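For reference, the chains in residue letters:
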Amino acid sequence: MEYLYIIIAAIFVNNIVLMQFLGICPFLGVSNKVSTAAGMSGAVLFVMTLATIITWLIYTQVLAVFELEYLQTITYILVIASLVQMVEIILKKVSPALYQALGIFLPLITTNCAILGVAILVIQKKFDLLQSVVFSVGTSLGFALALIIFAGLREHLDLINVPKGMKGVPAALLVAGILALAFQGFAGLVKI
Amino acid sequence: MSNVKTFTNGFIKENPVFILLLGLCPTLGVTTSAINGLGMGLATTFVLFMANMVVSMVKKGIPDKVRIPAYIVIIASFVTIVDLAMAAYAFDLHRSLGLFIPLIVVNCVVLGRAEAFASKNNVVSSMVDGLGMGLGFTFALTLLGAVRELLGSNAIFNIKLVEADGMIVFVLAPGAFIALAYLIALMNKLSKK
């Protein structure tokens, strides 16, 4: 039950993009087409879960033991950057098909603040390893949901006559605002 | 390019938020009030300034292939300094900015300037560029924070202007998107002239 709460909270109530404003860059950057949005979501799901497990282990087994908590930011960003590189190399060798689908999104993920954000959040919330994994899967599903809905809306936005000054990014942000308004309806559903 | 031009460049013509659309996560996330926007902007300015300076100093010693990880380590060190300093001297601000302080590391503005400017220019103009970009970022965040605070809680810099309930939606998440959308549209209009 507890894990279900964490998942629901991560997907709907505290949606990473629309409620916590993490990962806005890919949210605006790769949301022109539903297919690319789905590819990006897959890559985020993969990397976010892996990164959370590894950084959680490093924090609890190394940094906390030696009282080096202040090195958290530096260690995490290095681990995430090298992890992304490694995933890219391994994926290329092991599963060329998956690499074809996710490859171009992987370099972009290093600067996706949602990955680093979730890795720090699970420590702040004092989750154990299993809770952290559930939380990161839920969060990336929330990211996927927001990104794919938004991409679908943007595909239609291209066909509409928008006032000249609002064309492009302003119109997209306005749509994101309305989407966030809809997600506001989930507020208070569950609390973790 | 002269240093004055480099400095003003970041303010209006290449404003990181309104024109380049970089670093939108903290822009949207912390600007519930003008003070928060200002604090976040100044923290980022410090990191930008120091990182630009150090990167331009050591650029010759870094092999080209590992330059991005090297830049990230430099940036992360200064972010840690800001994080610890704010926790010690500005605890309330530190708490309301929360997660977004360590996340300055992945702010594309900082890495973007290190890669696009500091790695190609001398120390002085890199410092000027860092300061200009940082203050442009601060300006954008403070403006957005002020607009949201004004509409959301009828106040500016915590000074209440009208004794009435504001439009609470502007303090909540949706208001951030909507306010930024109109500010960017306004900036587009102004910069076209």
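Procedures and definitions
Residues numbered from 1 in each chain as written. Chains lettered and ligands numbered in written order. Predicted model: local features only at pLDDT ≥ 70, side-chain atom pairs only at ≥ 80, totals over all residues. Heavy atoms only, no water. Helix = DSSP H or I, 4+ residues; strand = E, 2+ residues; numbered from the N terminus. Rg over C-alpha atoms; globule rule 2.2 N^0.38 Å. Buried < 20%, exposed > 50% of the residue type's maximum accessible area, 1.4 Å probe, protein only. Contact = heavy atoms within 4.5 Å. Areas by Shrake-Rupley, 256 points an atom, 1.4 Å probe, with all protein chains shown as cover. Lys, Arg positive; Asp, Glu negative; His and termini not counted. Charge placed at Lys NZ, Arg CZ, Asp CG, Glu CD. Buried area = accessible area lost by both parts, 1.4 Å probe. Salt bridge = Lys/Arg side-chain N within 4 Å of Asp/Glu carboxyl O. Polar contact = N/O pair within 3.5 Å; in protein donor to acceptor, adjacent residues only side chain to side chain. Core = buried A, V, L, I, M, F, W, Y, C linked by side-chain atoms within 4.5 Å. Patch = residues over 30% accessible without salt bridge, like charges linked within 9 Å, V, L, I, M, F, W, Y side chains within 5 Å. Axes fitted to C-alpha atoms, helices over the stretch in contact; angles between N-to-C directions. Parallel < 35°, antiparallel > 145°, perpendicular 65-115°, else oblique. Left-handed = near helix turned anticlockwise from the far one by under 90°. Nonpolar A, V, L, I, M, F, W, Y, C, P; charged D, E, K, R; others polar. Phe/Tyr/Trp six-rings, centres within 6.5 Å; stacked < 30°, edge-to-face > 60°.

A.B. asks: What is the right way to look at the overall build of chain A in this model?
C.D. replies: Scanning chain A from terminus to terminus reveals 9 helices and 0 strands. For chain A, the sequential pattern of α-helices and β-strands runs α-α-α-α-α-α-α-α-α. Radius of gyration (C-alpha) of chain A: 17 Å, near the 16 Å computed for a compact globule of 192 residues. Principal-axis analysis of the C-alpha atoms gives chain A an extent of 60 × 45 × 30 Å. Considering chain A as a whole, with its 192 residues, one finds that 51% of them fall into the buried category. For chain A, the proportion of contacts with a sequence separation of at least 24, taken over those separated by at least 6, is 78%. Surface accessibility of chain A: about 8,800 Å² in total, with carbon and sulfur atoms responsible for 70%. Side-chain charges in chain A split into 9 positive and 7 negative, and the spacing between the mean points of these groups amounts to 13 Å.

A.B. asks: Could you clarify how one ought to interpret the interface of chain A and chain B in this entry?
C.D. replies: How big an interface is tends to be reported as the loss of accessible area on association of its parts. Contacts between the two partners involve 34 residues from chain A, matched on the other side by 33 residues from chain B. On the chain A side of the interface with chain B, the three residues burying the most area are Phe21(A), Thr73(A) and Leu173(A), jointly 21% of the side's total. Taken together, the links from chain A to chain B amount to 0 salt bridges. Counting across the chain A and chain B interface gives 0 residue pairs in polar contact (both at pLDDT 80 or more).

A.B. asks: Quick question: what am I supposed to make of the nonpolar core here?
C.D. replies: Soluble globular proteins tend to pack their nonpolar side chains together in the buried interior. In terms of nonpolar packing, the biggest core is built from 119 residues, with Leu18(A), Ile24(A), Ile109(A), Leu116(A), Phe177(B) and Leu180(B) touching the most fellow members. When residues of this core are assigned to their parent elements, the largest contribution, 11 residues, is made by helix H8 (residues 173-192) of chain B. Beyond its immediate stretch of four places on either side in the chain, Leu18(A) contacts Phe27(A), Ala146(A), Ala176(A), Leu179(A), Ala180(A), Phe183(A), Ala173(B) and Phe177(B).

A.B. asks: How should the side chain of Ser126(B) be read in this particular structure?
C.D. replies: All names here are of chain B. In this fold, serine 126 is placed in helix H7 (residues 123-153). Side-chain polar atoms of serine 126 contact the backbone oxygen of asparagine 122, separated by 2.8 Å. Not counting residues up to four positions away in its chain, the partners in contact with serine 126 are Asn52, Ser56, Phe117, Ala118 and Asn121.

A.B. asks: What should I look at first to understand a nonpolar patch on the surface in this one?
C.D. replies: Residues and elements named next belong to chain B. Judged by side-chain polarity, Ile35, Leu38, Leu42, Leu150, Leu151, Phe157, Ile159, Leu161, Val162 and Met167 come together as a nonpolar surface patch covering roughly 830 Å² of accessible area. At the level of elements, helix H3 (34-58) and H7 are the ones that each hand at least two residues to the nonpolar patch. When residues of the nonpolar patch are assigned to their parent elements, the largest contribution, 3 residues, is made by H3. Take valine 162: it is sitting in the loop between strand E2 (159-160) and H8.

A.B. asks: I tried to follow the packing of helix H3 (residues 34-63) of chain A against helix H8 (residues 129-157) of chain A on my own but got confused; where do I start?
C.D. replies: Each packed pair of helices is defined by two parameters, the angle between the axes and the distance between the axes. Residue and element names in this part refer to chain A. Here H3 crosses H8 at 160°, and the two axes come no closer than 9 Å. Between H3 and H8, the crossing angle belongs to the class labelled roughly antiparallel. The hand of the H3/H8 crossing is right-handed. Its residues assigned to classes, the contact of H3 with H8 comprises 18 nonpolar, 8 polar and 1 charged.

A.B. asks: Which parts of the structure should I look at to understand the pattern of salt bridges?
C.D. replies: Two side chains of opposite charge can pair, provided their charged atoms sit close to one another. Residues and elements named next belong to chain B. Applying the stated criterion across every chain yields a total of 3 salt bridges over all chains. Residues glutamate 115 and arginine 67 are paired through a salt bridge, measuring 2.8 Å at the closest nitrogen-oxygen approach. Of this pair, glutamate 115 sits in helix H6 (residues 108-118) while arginine 67 sits in helix H4 (residues 67-89), and the two are 48 residues apart along the sequence. Here glutamate 115 falls in the partly exposed class, since its relative accessible area comes to 24%. With a closest N to O distance of 3.0 Å, aspartate 129 and arginine 113 form a salt bridge. Residue aspartate 129 is located in helix H7, and its partner arginine 113 is located in helix H6; the two are separated by 16 residues in the primary sequence. What you see here is one network of salt bridges that share partners, running through Asp64, Arg67 and Glu115.

A.B. asks: What's the story with the environment of Ala38(A) in this structure? I'm lost.
C.D. replies: Here Ala38(A) lies in helix H3. When the C-alpha atoms of Ala38(A) and Pro170(A) are compared, they prove to be 23 Å apart, with 132 residues separating the residues in sequence.

A.B. asks: Help me out: how do you make sense of the packing of aromatic side chains in this one?
C.D. replies: Pairs of aromatic rings are described using the distance from one ring centre to the other and the angle between the two planes. All names here are of chain A. In total, this model carries 6 aromatic pairs over all chains according to the counting rule given. Judged by centre distance (5.6 Å) and plane angle (65°), the ring pair of phenylalanine 183 and phenylalanine 186 falls under edge-to-face. On the accessibility criterion, phenylalanine 183 (5% relative accessible area) is buried. What links up through ring pairs into an aromatic cluster is the set Phe12, Phe183 and Phe186.

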